[in-house]
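Fold and geometry: a report
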Amino acid sequence: METVECTVENLSVALFTVNRHAKTALNPSYLYLLKKKTIEKMLEEGKAKKVGLHFSRNPKYSQQKSDVLVAIGQYYFHIPPTKEDFKHLPHLGTLDDSYRNPVAKMPLSQAKRLLQAYTGVTPEDVQPKPKRYDWSRPHRFGKTFR
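In short, a report on the structure.

About the thresholds
Residues numbered from 1 in each chain as written. Predicted model: local features only at pLDDT ≥ 70, side-chain atom pairs only at ≥ 80, totals over all residues. Heavy atoms only, no water. Helix = DSSP H or I, 4+ residues; strand = E, 2+ residues; numbered from the N terminus. Buried < 20%, exposed > 50% of the residue type's maximum accessible area, 1.4 Å probe, protein only. Contact = heavy atoms within 4.5 Å. Areas by Shrake-Rupley, 256 points an atom, 1.4 Å probe, with all protein chains shown as cover. Pairing = 2+ DSSP bridges. Axes fitted to C-alpha atoms, helices over the stretch in contact; angles between N-to-C directions. Salt bridge = Lys/Arg side-chain N within 4 Å of Asp/Glu carboxyl O. Core = buried A, V, L, I, M, F, W, Y, C linked by side-chain atoms within 4.5 Å.

**Some details on the overall build of the protein chain**
- What the protein chain contains, in helices and strands, is four helices and five strands.
- Order of helices (α) and strands (β) in the protein chain, N terminus to C terminus: α-α-β-β-β-α-α-β-β.
- Burial statistics for the protein chain: of 146 residues in total, 31% are counted as buried.
- Considering only contacts within the protein chain whose residues lie at least 6 apart along the sequence, 64% involve residues at least 24 apart.
- In the form shown here, the protein chain has an accessible surface area of approximately 10600 Å², with 54% of it arising from carbon and sulfur atoms.

Have a look at this one:
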């Protein structure tokens, strides 16, 4: 099993790989947690830099929402903003569709191992989502049969 050093370039490629897989995963919560913790640690260590704010492409409940653009090596990632980000970062407007991150080839398992070693996050750190409704009980329009 090949070990990879925790350089900025290797971490950025691993982040790119994890982020790409998280967008199509059935349960992406662990991959997004790994991305979040890695970016937070890299920002603290000065290995990443917040560039500015972008309008979100798919705002959930509002008309307009912004995300923070973070530069790590040759790659750019988006993270949710804090109140301080709105005060200190410039707003860059809409996302530029002409720019793409460089293509990277790294297996997901290797990328997860590298980011786990860097952050110390494990799959057990993810809290399971609470069940919304118990479908095992018979029901009809909100009423239960007893």
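**Concerning the sheet that holds strand β2 (residues 66-72)**
- Read across the open sheet, the three strands follow the order β1-β2-β3; overall the sheet is antiparallel. Since the sheet does not close on itself, it has two edges, and those belong to β1 (49-55) and β3 (75-79), each with one partner. Within the sheet, the average angular offset between the axes of one strand and its neighbour, ignoring direction, is 30°.
- Of the strand pairs in this sheet, β2 and β3 are connected by five bridges, and their pairing is antiparallel. Bridging from a neighbouring strand, Val 68 pairs with Ile 79 of β3.
- With respect to the sheet, helix α1 (residues 8-22) is in contact with β2 and β3, its orientation differing from that of β3 by roughly 55°.
- The sheet strands contacting helix α2 (residues 29-45) are β1, β2 and β3, and the helix crosses β3 at an angle near 110°.

**Quick notes on the pairing of β2**
- When you tally the buried positions in β2, you get seven out of seven residues, the bulk of the element.
- Inspection of the sheet shows β1 paired to β2 by six bridges, in the antiparallel sense. Across the sheet, the residue bridging to Leu 53 is Val 68, located in β2.
- Linking two consecutive strands that pair antiparallel, namely β2 and β3, is a turn of two residues; a positive phi of about 60° is found at Gly 73 within it.

**Here we look at the pattern of salt bridges**
- Counting across every chain of the model gives four salt bridges.
- Taking the shortest distance from any N to any O, the salt bridge between Lys 50 and Asp 85 comes out at 2.9 Å. One end of the pair, Lys 50, is in strand β1; the other, Asp 85, is in helix α3 (residues 83-88), with 35 residues separating them in the sequence.

**Let's talk about the nonpolar core**
- Residues Leu 15, Ile 39, Met 42, Val 70, Ile 72, Phe 77 and Leu 115 are the most contacted members of the largest nonpolar core, which totals 29 residues.
- Mapped by element, the contributors of at least two residues to this core are α1, α2, β2, β3 and α4 (108-119).
- In terms of residue count, the dominant contributor to this core is α1 (seven residues).
- Once residues within four sequence positions are removed from consideration, Ile 39 is found in contact with Leu 15, Val 70, Ile 72, Phe 77 and Ile 79.

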